[in-house]
Amino acid sequence: MDIILFGPPGAGKGTQAQKLSQKYRIPQISTGDILRANVKEGTALGLEAKKYMDAGELVPDAVLIGIIKNRLLEADCANGFLLDGYPRTIPQADALTVILDEIKKPIDAVINIIVPTDILIERLSGRWMCSCGASHHIVFNPPKSEGICDTCGGTLFQRPDDTSDAVSNRLDVYQKQTAPLVDYYKKKNLLKDVDGTKDIDAVFANIDTLVAPFK
Ligand code: ADP
Ligand code: ADP
Ligand code: ZN
């Protein structure tokens with residue numbers, strides 16, 4: 001099962017990717033998590049990426065294409081993968097097609113999670129993340145014990161780009177640079193729309209029905 005979770009910031013890509021990853025035992029590949037880990041470790045990549053992330057801009061395509069190529073060639077992707085936050089531009093999508101053609105693992109479906117902007121802002125402002133890829137929300141998905149990740153017991157943190165001017169810029173950047181991928185994947189007959197405004201379990205049930213045939 002080779003799946004792309006697609007949608008604007010706050011749509012629920014990470015939340016749903018983690019649930020699918022647990023059910024189907026395939027990795028969640030979040031480019032945002034990979035970049036944040038690099039920022040935290042202070043790698044050259046992290047130093048380069050940080051200025052874009054803080055401003056809510058996209059990190060350059062060449063950087064992302066390098067990251068995703070290396071990650072998809074790792075052994076745990078052999079039985080499938082869930083892409084969360086990649087691709088975000090047409091050149092990234094074109095590069096992905098080339099990489100997957102080479103390893104003969106085409107994308108099965110692109111799950112387009114649709115949520116209106118006012119709800120996205122509400123979700124981002126209350127999001128508490130974990131480095132394991134889990135997302136909590138102070139109102140919509142509170143952790144069982146405050147500040148602690150339900151999935152791994154890690155310490156939750158608020159992202160600086162979720163609570164600053166970067167939010168509105170990220171939503172603009174999505175419209176300008178990422179939304180064109182909707183038509184791109186529609187033309188390839190891969191796009192499956194999902195109503196992302198329902199509760200987490202209802203959205204999951206809907207996505208699960210769409211991806212189950214690719215198991
Ligand atoms: P994305 O990865 O698309 O940016 P997340 O999965 O991190 O989005 O979700 C954004 C925020 O919204 C998180 O705080 C998460 O707990 C919350 N959330 C996710 N899905 C839902 C949902 N269906 N209903 C309400 N809140 C949700
Ligand atoms: P969200 O969950 O809100 O959609 P992510 O965690 O996926 O956000 O991404 C956080 C930031 O990391 C983005 O604003 C961007 O700066 C950078 N980033 C992540 N994935 C990509 C990508 N595929 N292309 C370019 N930049 C990316
Ligand atoms: Zn965790």
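Here is what the cut-offs are and how they apply
Here the residue index of a chain counts from 1 through its sequence in written order. Going through the entries in the order they are written, you letter the chains from A and number the ligands from 1. Where local features are concerned, this predicted model is filtered to residues with pLDDT of at least 70; where side-chain atom pairs are given and counted, the filter is 80 or more; whole-chain, interface and lining totals use all residues. Heavy atoms from the whole structure form the basis of all side-chain values; hydrogens and water molecules are not counted. Each helix corresponds to a stretch of at least 4 residues labelled H or I by DSSP, and each strand to a stretch of at least 2 residues labelled E; elements are numbered beginning at the N terminus. Three labels apply to residues, based on accessible area from a 1.4 Å probe with only protein chains included: buried if under 20% of the type maximum, exposed if over 50%, partly exposed otherwise in between. Contacts are assigned to residue pairs that have any heavy atoms within 4.5 Å of one another. A molecule or strand has a residue near it when one of that residue's heavy atoms lies within 4 Å. Side-chain atoms alone can form a polar contact between residues adjacent in sequence; in general such a contact is a pair of N or O atoms within 3.5 Å, and within protein one must be able to donate a hydrogen while the other accepts it. Calculation of accessible area relied on Shrake-Rupley with a 1.4 Å probe; when residues are assessed, cover is drawn exclusively from the protein chains displayed. Gly counts as polar in this scheme, as do all residues outside two lists: the nonpolar Ala, Val, Leu, Ile, Met, Phe, Trp, Tyr, Cys and Pro, and the charged Asp, Glu, Lys and Arg.

**Some details on the environment of Asp150**
Then, number 1: Tracing the sequence through the fold places Asp150 in the loop between strand E6 (135-137) and helix H7 (166-178).
Then, number 2: Judged by relative accessible area, which is 35%, Asp150 ranks as partly exposed.
Then, number 3: For the pair formed by Asp150 and Cys130, sequence separation is 20 residues and the distance between their alpha carbons is 9.5 Å.
Then, number 4: Ignoring anything within four residues of it in the chain, the contact list for Asp150 reads His136, Pro142, Pro143 and Lys144.

**Observations concerning the site of ligand 1**
Then, number 1: By nearness alone, 20 residues border ligand 1, and Thr15, Arg127, Ser135, His136 and Lys198 come closest of all.
Then, number 2: Note that a nitrogen atom of ligand 1 is positioned 3.5 Å from one of the backbone N or O atoms of Ile200.
Then, number 3: Compared with its free state, where it exposes 560 Å², ligand 1 has 94% of that area covered by protein.
Then, number 4: Where the shell around ligand 1 is concerned, the elements lending two or more residues are helix H1 (13-24), E6 and helix H9 (200-211).
Then, number 5: The residue makeup of the shell around ligand 1, split by class, is six nonpolar, nine polar and five charged.

Spatial relationships are all this shows, so hold off on functional conclusions.
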